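Here's the letter readout for the chains.
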Amino acid sequence: MSNYFRYVIKNMEPLRIADDSTSQSGQTNTLRYIPGSSIRGLVINQLALQPDFERKKQILFSNQVRFLNAYPMIDQTELIPSPKGFYEDKTEAAGRKELENVVVNGDFKEGYKRASLGRYVSIEEDTMIYYNVETGSDLKIKQNYDASKGEKQNVFRSEYIAKGQTFVGYIVIDDPTVEKEIEQVFQNDIWIGNGKFSGIGKCRVMNCGNGSLVPYAAYCCNEDQKNSVYMMLLSNTVMRNQEGELCGLNLPELEKKMGVSNLTIQYCSTSVTEVGGYNRTWGNRTPSMKMYEQGSVFHFSFDGCLSLEKMNEIMNLGIGVRKNEGFGRVLFLKNYENIQYKISGASAGIKSESFLYDAEKHEEDAQVLTLIAKNYLIQRIRQAMEMYVVKNPLKKGNLKNSQLGSLEAFTTAFRYNPLHGKDSIIQYLKHANEKEDKQKTQKERASIKTLKGTVEDILNRDLLETLSIDSKDTVMGISRYDLLDEETELGMKLELITMIIRYDNKGV
């Protein structure tokens, strides 16, 4: 019989657990929960000094011990990842707001969009109460860099979970010989996540103890299910097929576990994420794998009866790969099809000492982050522009300096009115090119036509593409198109053309 060791912790300092699936160059995002792999690492490191660790290690790394993700808790209510499948009218509304559920019959009203449900919810009858986890970030400048190797003193941003938030987690223990040792780890303050040696990651254990109930039982079916059931992924999940290949959900295997026949996915609402890992023994990252993301919901139909015993067994053991790290956790949702409304935690009047916040608040924080991201992107562009000017000298041939001076006058004058300036510059170059053709000037080297082609290529081409900047479409999690509007980008293009002309005038 499985024993569920339950612990409640509160982060006394900022907590950072890097999210590799959304992080990119210049920014490190954090997960909004504490993954089972982090808890496993904590336990392993604490027990590694014990004399009989080699024997216990085999148990701790097996599926006989399963370290589940720790999710937020507010007012003694354990939250779960927001279930997918809900759509809403995006007009603003106070209090409860009506939802449409696409997983029930695959249909929703025209004009509805995916519902905003924060990151975590609690469910009360026909209403979901939703929350987000408060995060912060710090900006740092790279100090140790080697300019001779082309390294730059870049700015980078690291996100973290703000201090003072409460999380609840479980460790499922099938082998009682390691139970006391695991419990001992949680008798004092613990440190988890990244940056433990730089003043972050300290968590206080509020309480811990053993129990026998399946975690999050309040959200689970409490009776046998005939012909259909709704299954939500409580953590990222992927299964293998008969050949050992990753396949999403292996329906034949799942059908066998459920004790039913003709198992079919009627409807579902899912998303996919990349999940990796790190092998400390070998000092290398493990191959990443695509998984269904937590919160994904499947509407199954089948022949027969899915018993409560079978559901509890699957929820206890999990499905798929890496169950020891908390992956593959599922819930068979109770009354999922009856959910019709949502309401934010703040609107519902729920208060807590934790800093969980309403998903529709903190617009000011978002504005500050947008400003930081925009400044960071512009800084990268300006650095790339300086490199571009040096590596791409102007091919002016025997063009007169007066002609370049006229072009520079245009790019400088229209810097603050770039939309009008672009048309004026193109018209000027077109007129100059036609004038040259009429004069039938024969030149062995480049003419105004070459200059016209160079300038038009810069004006009409994506600036980041011209400068060979890998934007990955987002900067600090914000779309680059929200940071660099057309007018701003065009103004910087005019600035680039001006820099090219002035660099040529220096005679370098």
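Structure: see above.
Positions within a chain are numbered from 1, following the residues in the order the chain's sequence is written. Side-chain atom pairs in this predicted model are given and counted only at pLDDT of 80 or more, local residue features only at pLDDT of at least 70, and totals for whole chains, interfaces and linings cover all residues. No hydrogens and no water enter the side-chain calculation; it runs on all heavy atoms of the structure.

## Looking at the packing of aromatic side chains
Pairing of aromatic rings covers Phe, Tyr and Trp, the last through its six-membered ring, and needs centres within 6.5 Å; plane angles under 30 degrees mean stacked, over 60 mean edge-to-face, and all others mean tilted. With the rule as written, the count across this model stands at 9 aromatic pairs. Between Tyr 7 and Phe 186, the aromatic rings sit 4.8 Å apart at their centres with planes inclined by 25°, giving stacked as the arrangement. Residue Tyr 7 is found in strand β1 (residues 3-11), and its partner Phe 186 is found in the loop between α4 (179-185) and β16 (190-191); the two are separated by 179 residues along the sequence. With respect to class, Tyr 7 is no different from Phe 186; both count as buried. Seen from their ring centres, Tyr 292 and Phe 298 are 5.2 Å apart, and the 75° between their planes marks the pair as edge-to-face. Buried means the residue's accessible area, taken with a 1.4 Å probe over protein chains only, is under 20% of the maximum for its type, while exposed means over 50%, and partly exposed covers the values in between. Since its relative accessible area comes to 0%, Phe 298 is described here as buried. Taken together, the aromatic side chains of Phe 5, Tyr 7 and Phe 186 make up a single cluster linked through ring pairs. As a reminder, the over-ring test applies to NZ of lysine and CZ of arginine, requiring each to be within 6 Å of the ring centre and within 35 degrees of the ring normal. Sitting above the plane of the Tyr 341 ring, Arg 96 keeps its charged end 3.9 Å from the centroid. Going along the chain from the N terminus, every DSSP run of H or I of four or more residues is numbered as a helix, and every run of E of two or more is numbered as a strand.

## Quick look at the sheet that holds strand β8 (residues 97-98)
Hydrogen bonds between backbone atoms are what pair the strands of a sheet, whose relative direction is either parallel or antiparallel. Strand pairing is assigned whenever DSSP identifies at least 2 bridges connecting the two strands. Pairing within the open sheet is mixed, and its 5 strands lie in the order β6-β11-β12-β26-β8. Sheet topology places β6 (80-81) and β8 at the edges, where each strand pairs with a single neighbour. Two strands pair when backbone bridges link them, and β6 and strand β11 (residues 120-124) are joined in this way by 2 bridges, in the antiparallel orientation. Within β11, the residue paired with Ile 80 across the bridge is Val 121.

## Describing helix α2 (residues 53-60)
Considered for burial, the residues of α2 that qualify are Phe 53, Lys 56, Ile 59 and Leu 60. Around the axis of α2, the buried residues are gathered within 115° of arc, so they sit on the same side. For α2, the exposed residues lying more than 90 degrees away from the buried face are Glu 54 and Gln 58. Whether two residues are in contact is decided by their heavy atoms: any pair within 4.5 Å suffices. In this structure, the buried side of α2 is in contact with α1 (36-47), β3 (65-67) and α4. Working note: the arc is built from the helix axis to C-beta atom directions.

## Some remarks on the environment of Leu 306
Considering the arrangement of structural elements, one finds Leu 306 in strand β24 (residues 297-306). When its relative accessible area of 0% is taken as the criterion, Leu 306 is described as buried. Once residues within four sequence positions are removed from consideration, Leu 306 is found in contact with Asp 224, Gln 225, Val 229, Met 258, Val 260, Met 311 and Phe 332.

## Regarding the state of the cysteines
By definition, disulfides here are pairs of cysteine sulfur atoms that lie within 2.5 Å. By the definition in use, this model includes 0 disulfides. Not part of a disulfide, Cys 220 finds its nearest cysteine sulfur in Cys 221, a span of 7.4 Å. We classify Cys 220 as buried; its relative accessible area is 4%.

## Notes on the sheet that holds strand β7 (residues 86-88)
Taken in spatial order, the 3 strands line up as β9-β7-β10 in an open sheet, and their pairing is antiparallel. Strands at the two margins of the open sheet, each flanked by one partner only, are β9 (100-101) and β10 (113-114). Here 2 bridges tie β7 to β9, and the two strands are oriented antiparallel to one another. By the bridge assignment, Tyr 87 is partnered in β9 with Glu 100.

## Let's talk about the pairing of strand β26 (residues 341-344)
Note that β8 and β26 share 2 bridges and pair antiparallel. Among the inter-strand pairings, Lys 97 is bridged to a residue of β26, identified as Lys 342. When strand β12 (residues 127-131) meets β26, the two strands line up parallel, connected through 4 bridges. Bridge pairing in β26 places Ile 129 opposite Ile 343.

## Description of the nonpolar core
What we call a nonpolar core is a set of buried Ala, Val, Leu, Ile, Met, Phe, Trp, Tyr and Cys residues that are connected through their side-chain atoms within 4.5 Å. Ile 171, Ile 182, Phe 186, Met 231, Met 258, Leu 331 and Phe 332 are the most contacted members of the largest nonpolar core, which totals 90 residues. The greatest single-element share of this core, amounting to 6 residues, is contributed by strand β15 (residues 166-173). With residues up to four places along the chain from it excluded, the contact list for Phe 186 reads Phe 5, Tyr 7, Ile 39, Leu 42, Val 43, Ile 171, Val 205 and Cys 208. Grouped together as the second largest cluster of nonpolar side chains are 38 residues, Leu 404, Ile 448, Ile 469 and Ile 500 included.

## What to know about the pattern of salt bridges
In what follows, salt bridge is the name for a side-chain nitrogen of Lys or Arg lying within 4 Å of a carboxyl oxygen of Asp or Glu. Taken as a whole and judged by the stated rule, the model has 21 salt bridges. When the shortest N-O distance is used, the salt bridge between Glu 181 and Lys 56 registers 2.5 Å. On the criterion of sequence distance, the pair formed by Glu 181 in helix α4 and Lys 56 in helix α2 is long-range, its members being 125 residues apart. Summarising the burial analysis for this pair, Glu 181 and Lys 56 share the class buried. Lys 290 serves as the salt-bridge partner of Glu 274, at 2.9 Å between the closest nitrogen and oxygen. Taken together, the residues Glu 274 in strand β22 (residues 272-279) and Lys 290 in strand β23 (residues 284-292) connect sequence positions 16 residues apart.

## A word on the side chain of His 299
In this structure, His 299 sits in strand β24. His 299 gets classed as buried once you look at its relative accessible area, which sits at 9%. Those residues in contact with His 299 that lie beyond four places of it in its chain are Val 103, Val 104, Ser 228, Val 229, Tyr 230, Thr 264, Ile 265, Gln 266 and Tyr 267.

## Things to note about the packing of helix α8 (residues 401-413) against helix α13 (residues 486-505)
For helices, the axis comes from a line fit to the C-alpha atoms of the stretch in contact; other axes are also lines fit to C-alpha atoms, and the angle between any two N-to-C directions lies between 0 and 180 degrees. In contact at an axis separation of 9 Å, α8 and α13 are set at 145° when each is read in the N-to-C sense. Helix-helix and strand crossings are classified by hand; for α8 and α13 the assignment is left-handed. In this structure, α8 contributes Leu 404, Leu 407, Glu 408, Thr 411 and Thr 412 to the contact, and α13 contributes Leu 494, Ile 497, Thr 498, Ile 501, Arg 502, Asp 504 and Asn 505. Tallied by class, the residues present in the contact of α8 with α13 amount to 5 nonpolar, 4 polar and 3 charged. Rotating anticlockwise by less than a right angle from the far helix to the near helix defines a left-handed crossing, while the corresponding clockwise rotation defines a right-handed one. Residues are grouped as follows: Ala, Val, Leu, Ile, Met, Phe, Trp, Tyr, Cys and Pro are nonpolar; Asp, Glu, Lys and Arg are charged; every other residue, Gly included, is polar.

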